Amino acid sequence: MQVANANSNETGTTDDFVTVFVGETLFGLAIERVHDVFVPSGVTPVPLAPAEIVGLLNLRGRVVTAMSLRRRLGLPDAEDEADGSKANPKMAIGLEQAGETFALVVDGVGEVLKLGADSREAVPINLDPRFRNLATCVHRLDGRLLVILDVDALLGFTPAGAKAA
């Protein structure tokens, strides 16, 4: 992956994000939470699992839960190609949460961006409600909006969620 500095004039602190795509929407994940980027294969479905769980897969000898970011955001699955073939293979991001490894299945992986506070904004109230509760902030980048996702909220194992259960 290539590291790009989206705000080269920034001299203060910066944060690094791995960018991922779901359709045309650009999302960012804090780089310190990302352990792997890979093409998932051999996914075994899990009966009665929540819809966002794609299944289980083997990642270097570990059994990990694969979750679809599309489904987690309430978006429909990607359409198959017009000729009847399956859509391009998805990519997955390996994330660690509470000692467990998860594979977050996305449509594509972009680059690593180093972003400073000058492009950071609070989550806008008019952001798609499916994204709003999972976002920590947004960054405006050359006419595009990068939605930074809260990995803890995304995986649904936050302390607040555990207390509510």
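What you are looking at is a predicted structure, and each value in this text was computed from that prediction instead of being measured.

Bringing the pattern of salt bridges into the picture now. Side-chain pairs of opposite charge can arise whenever the charged atoms involved come near each other. Across all of its chains, the model carries nine salt bridges by this definition. Measuring nitrogen to oxygen at the nearest pair gives 3.0 Å for the salt bridge that ties Arg-71 to Asp-77. If you follow the salt bridges from partner to partner, you end up with Arg-70, Lys-90 and Asp-107 in one network.

Further remarks concern the packing of aromatic side chains. Overall, the coordinates contain one aromatic pair when judged by the stated rule. When the ring of Phe-27 is compared with that of Phe-131, the centres are 5.2 Å apart and the planes differ by 85°; the resulting orientation is edge-to-face. Of the two residues, Phe-27 is situated in strand β3 (residues 25-30) and Phe-131 in helix α2 (residues 129-132); the sequence distance between them amounts to 104 residues. Like Phe-131, Phe-27 is buried.

What follows concerns the pairing of strand β5 (residues 53-59). One ladder, built from six bridges, connects β5 with strand β6 (residues 62-68); its direction is antiparallel. Within β6, the residue paired with Leu-59 across the bridge is Arg-62. Between the antiparallel neighbours β5 and β6 lie two residues, among them Arg-60 with a positive phi of about 50°.

A word on the sheet that holds strand β4 (residues 34-38). On the basis of which strands lie adjacent, the open sheet formed by five strands has the order β4-β7-β8-β6-β5 and mixed pairing. Where the open sheet ends on each side, the last strands, each with one partner, are β4 and β5. Averaged over all pairs of adjacent strands, the angle between their axes in this sheet comes to 30°, without regard to strand direction.

About the thresholds
The numbering scheme is per chain: residues are counted from 1 as the chain's sequence reads. Note on the predicted model: pLDDT of at least 70 is required for a residue's local features to be given, and 80 or more for side-chain atom pairs to be given and counted; whole-chain, interface and lining totals, by contrast, use all residues. Heavy atoms throughout the structure, all of them, feed into the side-chain values; hydrogens and water do not. Salt bridges are defined by distance alone: a side-chain nitrogen of Lys or Arg within 4 Å of a carboxyl oxygen of Asp or Glu. Geometry of aromatic contacts follows a simple scheme: Phe, Tyr and Trp rings, the Trp one being its six-membered ring, pair when their centres are within 6.5 Å, and the pair is stacked under 30 degrees between planes, edge-to-face over 60, tilted otherwise. Strands here mean DSSP runs of E at least two residues long; helices mean DSSP runs of H or I at least four residues long; both are numbered from the N terminus. Each residue gets one of three labels from its accessible area relative to the maximum for its type: buried under 20%, exposed over 50%, partly exposed in between, using a 1.4 Å probe on protein chains only. Each pair of strands is called paired provided DSSP finds at least two bridges between the two strands. Angles run from 0 to 180 degrees between N-to-C directions of axes, and those axes are lines fitted to C-alpha atoms, restricted for helices to the stretch in contact.

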